[in-house]
Amino acid sequence: MESKAQEGNNNVWESLETYFLATPEPIIGAKTIQILIIREILDYAAFRTEDTKELNTMVTPTSVTIKEQISRVAFLASKQKAVETREMERMLRTAVDSLDLNEGDKNKDPFKNITECYLKDNLCRKCPRCILHGATALSSEANIKHRIEYSTATSLLPWNDIEETITFNAINDKDISTGQALGTRYLVKPATIFPSIITLKSVTKEEFILAVKSLLSCKSYGAETRIGGDVRNHIIGIVAGWEEIITSLEFTLELYDEKTDSKITKEKVTSILESYKEMAGNKNKITIEDKIDEIIKAVQETNLDKEFLSKVYTDSQNFYNSQNKKKK
Ligand SMILES: [Zn+2]
């Protein structure tokens, strides 16, 4: 018999439940869940591609209502994904290591075949991270198509409002004088906001939980070797349907029109989503989640225990086996 607490907990998932798959499948269906995030920069951050010193920028309309073009700083999809996929792998590996399995379990599925898995040339292709984030085939094996999609996030404000140029000098330790300027760095100021969306396709509830846990755990992006890059991810909206309802850029442009109110609220995001629902191909399949705080709490309180890990590792190994059987 289920306790009251568990019943309450199950209710939290009521509206999303129909968008989850029981087990992950290699062929992707229409069920889609989008997580709308505010990525808040908490320290100077360097959002740029390795070779240049300039920040990555993107030219966009100012907002939905103001068509005049402006430059915004771009927080590249690849940068978000790289951090979050590593976080998921670390979390899973630590959770499995913490299980303190007895010899019997260690030699039994699904825990006997867990191998090292790391970016970018040694993806194991059969762990929960690989089957969600995707992996390219190295040999004769099948590619794994990702079911978590990232897109480049653009700053809410124009580039010239959020960039800071820092010139650094060599300090002479003996007389504390500054020597000649060594160079200039272009950084994004703290308190900058990047609206961003992650799209999950045909995922299980456990995969959704892992994705949200990774988002909440990740705190460091866009750092140079030693400095800065602190970020906090705030989940501010969840919408599910049989298609993508809104893109990351649309989300930024919509919020820009609202920014005079200083605060971006879940209610505001809900009203934006309501207007996008009107444009959808399968309008009555769309659910705009109204229990975001409860869902986040349920995710935080889900332990990566033996039961949870057995489910996700069994799923991922079955996924791997089914794909590679087909190939032969
Ligand atoms: Zn893997």
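Residues numbered from 1 in each chain as written. Predicted model: local features only at pLDDT ≥ 70, side-chain atom pairs only at ≥ 80, totals over all residues. Heavy atoms only, no water.

**Q** Any details on the packing of helix α2 (residues 77-97) against helix α6 (residues 205-217)? Residues and values, ideally.
**A** Taken N-terminus to C-terminus, the directions of α2 and α6 make an angle of 110°; their axes are 9 Å apart at the nearest point. It follows from the interaxial angle that α2 and α6 lie roughly perpendicular. Of the residues in α6, those in contact with E84, E87, M88, M91 and L92 of α2 are L210, A211, K213, S214, L215 and S217. Within the contact of α2 with α6, the residues separate by chemical class into 6 nonpolar, 2 polar and 3 charged. (Axes fitted to C-alpha atoms, helices over the stretch in contact; angles between N-to-C directions. Helix = DSSP H or I, 4+ residues; strand = E, 2+ residues; numbered from the N terminus. Parallel < 35°, antiparallel > 145°, perpendicular 65-115°, else oblique. Contact = heavy atoms within 4.5 Å. Nonpolar A, V, L, I, M, F, W, Y, C, P; charged D, E, K, R; others polar.)

**Q** Hey, could you go over the packing of aromatic side chains for me, with residue numbers and the actual values?
**A** Per the stated rule, a full pass over the model turns up 8 aromatic pairs. Measuring from centroid to centroid gives 5.6 Å for F75 and F194, while their planes differ by 85°, and the two rings are edge-to-face. With F75 in strand β3 (residues 69-75) and F194 in strand β8 (residues 193-201), this pair connects stretches of sequence that are 119 residues apart. The burial state of F75 is the same as that of F194; both residues are buried. For the ring pair F75 and Y221, a centre distance of 5.5 Å and an interplane angle of 80° mean the geometry is edge-to-face. Of the two residues, F75 is situated in strand β3 and Y221 in the loop between α6 and β9 (231-241); the sequence distance between them amounts to 146 residues. The same class applies to F75 as to Y221, namely buried. (Phe/Tyr/Trp six-rings, centres within 6.5 Å; stacked < 30°, edge-to-face > 60°. Buried < 20%, exposed > 50% of the residue type's maximum accessible area, 1.4 Å probe, protein only.)

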